[in-house]
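One-letter residues, chain by chain:
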Amino acid sequence: MKRKIKMIGLDLDGTLLNERKEILPYTKQILGKAVERGIIVLVATGRPFAGIPEELRAWSGIRYALTANGARVIDAKEKKVLIEKLLPIERAKKALEIFRKYDTLQEVYFDGQGYAEEDKLKNISHYHQDPNMWKYVLGSRKAVTDIVELTGQTDRDVDKVQAIFADREEQESAWQELEKQNGMVLVSSLGYNIEVNASGVNKGVSLVELGNMLGIEPEEIMACGDRDNDIAMLKAAGLGVAMGNAEDEVKAAADYITLSNEEEGAAKAIERFVLRGGELC
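As the structure is a prediction and not an experimental result, all values here were calculated from the model.

## A look at the packing of helix 2 (residues 25-36) against helix 13 (residues 265-275)
At their nearest, the axes of helix 2 and helix 13 sit 9 Å apart, and the two run at 25° to each other. Between helix 2 and helix 13, the interaxial angle falls into the category roughly parallel. Where helix 2 crosses over helix 13, the handedness of that crossing is left-handed. When helix 2 is examined against helix 13, the residues Y26, T27, I30, L31, K33 and A34 are found in contact with a partner set consisting of A267, K268, I270, E271 and L275. Per-class residue counts for the contact of helix 2 with helix 13 are 7 nonpolar, 1 polar and 3 charged.

Encoded structure:
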């Protein structure tokens, strides 16, 4: 079926970025062509706004950013928050209480900025299994002495709370504890982390809501992703594209499976369905 795509939501890690967290030349070229045609291209990520690569934040043609799994949608041109779906402070404190029972690097996102404890950041290789994540995390998080103290002093609702686990069995135990809590939704975009948002928050809801603001129908939206925090977005979009490196449940939720992020599969899908007007077989 042929469709007119007017907006494209792109996950970052495992999707738009390669394993070294780079945007490759062909991908940049395809994004530029889509922007030139008047397509609204935006990042749709679990990262905070401060964690989006500078070249994307500075790209004048990429005006909007969906961050923290949909908890915060930004109009970068106007420097304005368009959508805000925050995790209540008491829910954030409870999640941190549970996380701190385990060997974890805990993070809290306030106003598009991620915070983590200094001593944990110094030992980042103990928590992040992927060395390519080290530079990104160290370059985008603000170090604090005590994350619980920061949250208590700030005493306001947060974008997202997450923990990186040194041990997968501990991650599973913490997940079971958190599932018993009310007012939270859980995802794991890395496989060894837990991300906590407010109930009802996901990339799909916020992507469609942004589309409504811009006069774009869900069937006119394309979305690309690879992990469980992308599933709602792929289902909500008119054209959901899973990466070749995506998890099986993500592929099952998609309308089309493209090449891997190492093969610039997101750009290949944009070229096929948006620039060339291809149809699903």
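## Describing the environment of S260
Here S260 is to be found in the loop between strand 14 (256-257) and helix 13. You can call S260 buried: its relative accessible area is 14%. Note: C-alpha distance between S260 and M243 (17 residues apart in sequence) is 5.2 Å. Discounting chain neighbours no more than four positions away, the residues touching S260 are M243, G244, N245 and G265.

## What to know about the domain arrangement of the chain
When the domains of the chain are assigned, the result is domain 1 (7-85 + 201-276) and domain 2 (89-198). The C-alpha centroid of domain 2 is placed 23 Å from the C-alpha centroid of domain 1. Counting from both sides, the interface comprises 19 residues of domain 1 and, opposite them, 23 residues of domain 2. For the pair domain 1 and domain 2, the two sides together bury roughly 1,600 Å², of which 50% comes from carbon and sulfur. D111 is paired through a salt bridge with R72; the nearest N and O atoms lie 3.3 Å apart.

## Quick notes on helix 10 (residues 203-213)
For helix 10, the full list of buried residues reads K203, G204, S206, L207, L210 and G211. For helix 10, the N-terminal capping position is held by N202, with its side-chain oxygen 2.9 Å away from the main-chain nitrogen of G204. Once helix 10 ends, the next one or two residues include G215, with phi positive near 75°.

## Observations regarding the sheet that holds strand 5 (residues 80-84)
Overall, mixed pairing links the 8 strands, which are arranged 5-4-3-2-1-12-13-14 in an open sheet. Two strands in the sheet have a free side with no partner beyond their single neighbour: strand 5 and strand 14. With 4 bridges connecting them, strand 1 (residues 7-10) and strand 12 (residues 221-225) associate as parallel partners. Within strand 12, the position partnered with G9 by the bridge is A223.

## With respect to the pairing of strand 4 (residues 72-75)
Along strand 4, one buried face is formed by R72 and I74 and the opposite face, lined by V73 and D75, is buried too. Pairing of strand 3 (residues 64-67) with strand 4 involves 4 bridges; the strand directions are antiparallel. Residue pairing in the sheet places Y64 in a bridge with D75 of strand 4. Linking strand 3 to strand 4, which pair antiparallel, is a turn of 4 residues; within it A68 sits at a positive phi near 50°. Counting the residues in the hairpin turn of strand 4 and strand 5 gives 4 residues, including K79, whose phi is positive at 55°.

## A word on the nonpolar core
Counting 51 residues, the largest nonpolar core has I8, L10, M222 and I270 as the members making the most contacts within it. No other element matches helix 13, which puts 7 residues into this core. Of all hydrophobic cores here, the second largest spans 30 residues; its members include I89, A92, M184 and V201.

## Some points on the environment of L24
Following the sequence through the fold, L24 ends up in the loop between helix 1 (12-16) and helix 2. When the C-alpha positions of L24 and N132 are compared, they lie 16 Å apart, and in sequence the two are 108 residues distant. Here L24 is in contact with N18, E262 and E264, once residues within four sequence places are set aside.

## A word on the packing of helix 4 (residues 89-99) against helix 9 (residues 168-179)
In the contact formed by helix 4 and helix 9, the axes pass within 10 Å of each other and the chain directions differ by 150°. By the angle between their directions, the pair helix 4 and helix 9 is classed as roughly antiparallel. With respect to the hand of their crossing, helix 4 and helix 9 are arranged in right-handed fashion. On helix 9, the residues that touch A95, I98 and F99 of helix 4 are A174, E177 and L178.

## Some remarks on the pattern of salt bridges
Once their charged atoms are close, side chains differing in charge can pair, the charge on each being opposite to the other. Per the stated rule, a full pass over the model turns up 26 salt bridges. With its nearest N and O atoms 3.0 Å apart, the salt bridge here joins K203 to D11. Here D11 lies in the loop between strand 1 and helix 1 and K203 lies in helix 10, a separation of 192 residues in the sequence. Side by side, K203 and D11 carry an identical accessibility label, which is buried.

Calculation criteria
Residues numbered from 1 in each chain as written. Predicted model: local features only at pLDDT ≥ 70, side-chain atom pairs only at ≥ 80, totals over all residues. Heavy atoms only, no water. Axes fitted to C-alpha atoms, helices over the stretch in contact; angles between N-to-C directions. Helix = DSSP H or I, 4+ residues; strand = E, 2+ residues; numbered from the N terminus. Parallel < 35°, antiparallel > 145°, perpendicular 65-115°, else oblique. Left-handed = near helix turned anticlockwise from the far one by under 90°. Contact = heavy atoms within 4.5 Å. Nonpolar A, V, L, I, M, F, W, Y, C, P; charged D, E, K, R; others polar. Buried < 20%, exposed > 50% of the residue type's maximum accessible area, 1.4 Å probe, protein only. Domains from an automatic or database assignment. Buried area = accessible area lost by both parts, 1.4 Å probe. Salt bridge = Lys/Arg side-chain N within 4 Å of Asp/Glu carboxyl O. Polar contact = N/O pair within 3.5 Å; in protein donor to acceptor, adjacent residues only side chain to side chain. Pairing = 2+ DSSP bridges. Core = buried A, V, L, I, M, F, W, Y, C linked by side-chain atoms within 4.5 Å.

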